[in-house]
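Descriptive analysis of the structure
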Amino acid sequence: MLLRKTSWFWKSGLAAISFVLILSISGCSDAPPEEDTVLETVIDVQDIQEESEEDADEIISVCIALYEKAEEENKLADLETIRSIVNRLGENGYSAVDSKNQIDMTEPEQVARFCEMVDAKEEAEISIIEVSYLPGFVKYDLQTKDGNVDVVRSYYKYENGNIQRNTTGSYQAEYWNYTEEGYLMFSGVWYSEELYILTLSGVEENTALRVQPLDETCRELTRKYLAPISFEQNNMFIVDWSEDDFGELNFYDMYDILYQKENGEYVPYVADDNLGVGAVYRIPKEEFESVIMTYFNIDSETLQSKTVYYSENSTYEYKPRGFEEVEYPEYPYSEVVGFMENSDGTITLTANVVFPHSGNSKVYAHEVVVRPLEDGGVQYVSNRIIPSEDNSEETWHTPRLTAEEWEELYGGE
């Protein structure tokens, strides 16, 4: 069942939306970089690019056979394929890691030494290869002098048996940090002739490369239990909750995520095409509860108390996220750094929240308790934020509208 209500702001015109669109468009500056800066960058970078291209030929010869084999087996994006490429590069003396930080970096000592040279304001250079799941790889050529780090990043794409350079850009790192958690994080705005012609601006890049190794079991636990939930449009790992008290955990957000996990497709109850209309659905009790109760040990009465439930026809009210509830598409990820198997069969995972966009490898740490099931499934038992003076806020999250906010926006006539 679908109901609709129209927002007051739609009746008053589209000025607000137009203003947002104007801001979005004007965010790409039409002014080129300072002339002196561009000239200096081109002069410095040309030599680096020529050397980088020669080195890239060697890199390609090292890993091309692995790409060809993976293509034949239709496993180009397979984790083990990426692992084999990273390790092959390491065997040939290169510092390499995968773009999802799921594989230990090869030759990490080289990178750690380069970071020491940056801190000492000495001159040094290094190349780091980030193997992508697309497939292809990014080659970062880094040079440091007087504590500054210049970056030349070149993306090489594998396609139809060939690896060719797709784009090249350069910048001086505006942010640089080798963190206590073992990450190299740097950022800046890079320019390339091709992209500048199209956008009249540079591209902001926020890079996070795990340098220090991590226990493989921790990585497996991350992939199995935390990555499928992650942080996009939900607060599961942001707030404290447990089976005894679900607190502020939003079950509508969880329904969106878990429905897709269960059914392999997005929730069919979508927002109205008209941004000024608030869609309202009634989902049958069995349908809603079957999704939630697969992953949470929660009874009907408790779930109904945390949502809007209509006993007269046994349905749950459902309002899809609308225009006002969108999020900036940059999210952190949780990385398990420790775990403990409990006597009741549950597992306590200790995880750091890594946010490349903000250059922070530990926004905060949290404990997640999961209950593995005999059928290979899982129930989520609790989440707890570990208190610390160094904890930062979750700037990426936009909560769903409250009932009062929704009524004020869409109640209207």
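Before any of the text, the structure's been laid out above.
Residues numbered from 1 in each chain as written. Predicted model: local features only at pLDDT ≥ 70, side-chain atom pairs only at ≥ 80, totals over all residues. Heavy atoms only, no water.

This part covers the overall build of the protein. Within the protein, the regular secondary structure consists of 11 helices and 17 strands. Looking at the protein as a whole, 46% of its 413 residues qualify as buried. In the protein, of all internal contacts separated by at least 6 residues, the share reaching a separation of at least 24 is 57%. As presented, the protein carries roughly 21,600 Å² of accessible surface, and 48% of it is formed by carbon and sulfur atoms. (Helix = DSSP H or I, 4+ residues; strand = E, 2+ residues; numbered from the N terminus. Buried < 20%, exposed > 50% of the residue type's maximum accessible area, 1.4 Å probe, protein only. Contact = heavy atoms within 4.5 Å. Areas by Shrake-Rupley, 256 points an atom, 1.4 Å probe, with all protein chains shown as cover.)

On the surface, a cluster of negative charge is contributed by Glu 68, Glu 71, Glu 72 and Glu 159. By residue number, the principal contributor to the negative patch is helix 3 (residues 35-72), which donates three residues. Topologically, Glu 159 is positioned in strand 5 (residues 148-159). (Patch = residues over 30% accessible without salt bridge, like charges linked within 9 Å, V, L, I, M, F, W, Y side chains within 5 Å. Salt bridge = Lys/Arg side-chain N within 4 Å of Asp/Glu carboxyl O. Lys, Arg positive; Asp, Glu negative; His and termini not counted. Charge placed at Lys NZ, Arg CZ, Asp CG, Glu CD.)

Considering all chains together, one arrives at one cavity of 30 Å³ or more under this definition. In this structure, the largest cavity encloses a volume near 30 Å³. Residue lining of the largest cavity: Asn 101, Gln 102, Leu 214, Cys 218, Arg 219, Thr 222 and Glu 335, and that is the complete set. At three residues, helix 7 (residues 216-226) tops the list of elements feeding residues into the lining of the largest cavity. A breakdown of the residues in the lining of the largest cavity according to their chemical character gives two nonpolar, three polar and two charged. (1 Å grid on protein atoms, 1.4 Å probe; cavity = no way out; pocket = protein on both sides within 12 Å on 5 of 7 lines; lining within 4 Å. Points joined across faces, edges and corners; volume = space filled by probe spheres on them. Nonpolar A, V, L, I, M, F, W, Y, C, P; charged D, E, K, R; others polar.)

Another point: helix 9 (residues 285-295). Of the residues making up helix 9, those classed as buried are Phe 288, Glu 289, Val 291, Ile 292 and Tyr 295. Buried residues along helix 9 cover an arc of 160° about the axis, so they all sit on one side. Buried residues belonging to helix 9 abut helix 8 (251-263), strand 11 (277-284), helix 10 (300-305), strand 13 (315-318) and strand 17 (378-385). (Arc of directions from axis to C-beta.)

The sheet built from three strands is open, its strands ordered 7-8-9 with antiparallel pairing. Each end of this open sheet is capped by a strand with a single partner; those strands are strand 7 (175-178) and strand 9 (203-210). When the angles between neighbouring strand axes are averaged without regard to direction, this sheet yields 10°. As defined by bridge partners, strand 8 (residues 183-190) adjoins strand 9 across eight bridges and the pair is classed as antiparallel. Note on strand 9: the bridge partner recorded for Tyr 183 is Arg 210. Seen against the sheet, helix 5 (residues 108-119) touches strand 7 and strand 8 and runs at an angle of roughly 125° to strand 7. (Pairing = 2+ DSSP bridges. Axes fitted to C-alpha atoms, helices over the stretch in contact; angles between N-to-C directions.)

On to the pattern of salt bridges, then. Tallying each qualifying case throughout the model produces 18 salt bridges. When the shortest N-O distance is used, the salt bridge between Arg 210 and Glu 335 registers 2.8 Å. Pair noted here: Arg 210 is in strand 9 and Glu 335 is in strand 14 (residues 333-341), with a separation of 125 residues, a long-range link. A salt bridge links Arg 400 to Asp 256, with the shortest nitrogen-to-oxygen separation between them at 3.2 Å. Of this pair, Arg 400 sits in the loop between strand 17 and helix 11 (403-410) while Asp 256 sits in helix 8, and the two are 144 residues apart along the sequence. Accessibility classification places Arg 400 together with Asp 256 in one group, the buried group. One connected set of salt bridges, linked through shared partners, spans Glu 80, Arg 83, Glu 216 and Arg 223.

Before going further, it helps to examine the packing of aromatic side chains. Using the criterion set out here, one finds 24 aromatic pairs in the structure. Here the aromatic rings of Phe 114 and Trp 176 are separated by 5.9 Å at their centres, their planes lie at 65°, and the arrangement is edge-to-face. One end of the pair, Phe 114, is in helix 5; the other, Trp 176, is in strand 7, with 62 residues separating them in the sequence. Like Phe 114, the residue Trp 176 is buried in the burial classification. When the ring of Phe 251 is compared with that of Phe 296, the centres are 5.5 Å apart and the planes differ by 80°; the resulting orientation is edge-to-face. (Phe/Tyr/Trp six-rings, centres within 6.5 Å; stacked < 30°, edge-to-face > 60°.)

On to unusual backbone geometry. A negative phi angle characterises most non-glycine residues, just as the trans form characterises most peptide bonds. Residue Pro 135 is bonded to the preceding Leu 134 through a cis peptide linkage, with omega at 20°. Mapping Pro 135 onto the fold places it in the loop between strand 3 (124-132) and strand 4 (136-145). At Glu 107, a residue that is not glycine, the phi angle is positive and equals roughly 50°. On the secondary structure map, Glu 107 appears in the loop between strand 2 (95-98) and helix 5. Despite not being glycine, Asn 160 has its phi angle at roughly 55°, a positive value.

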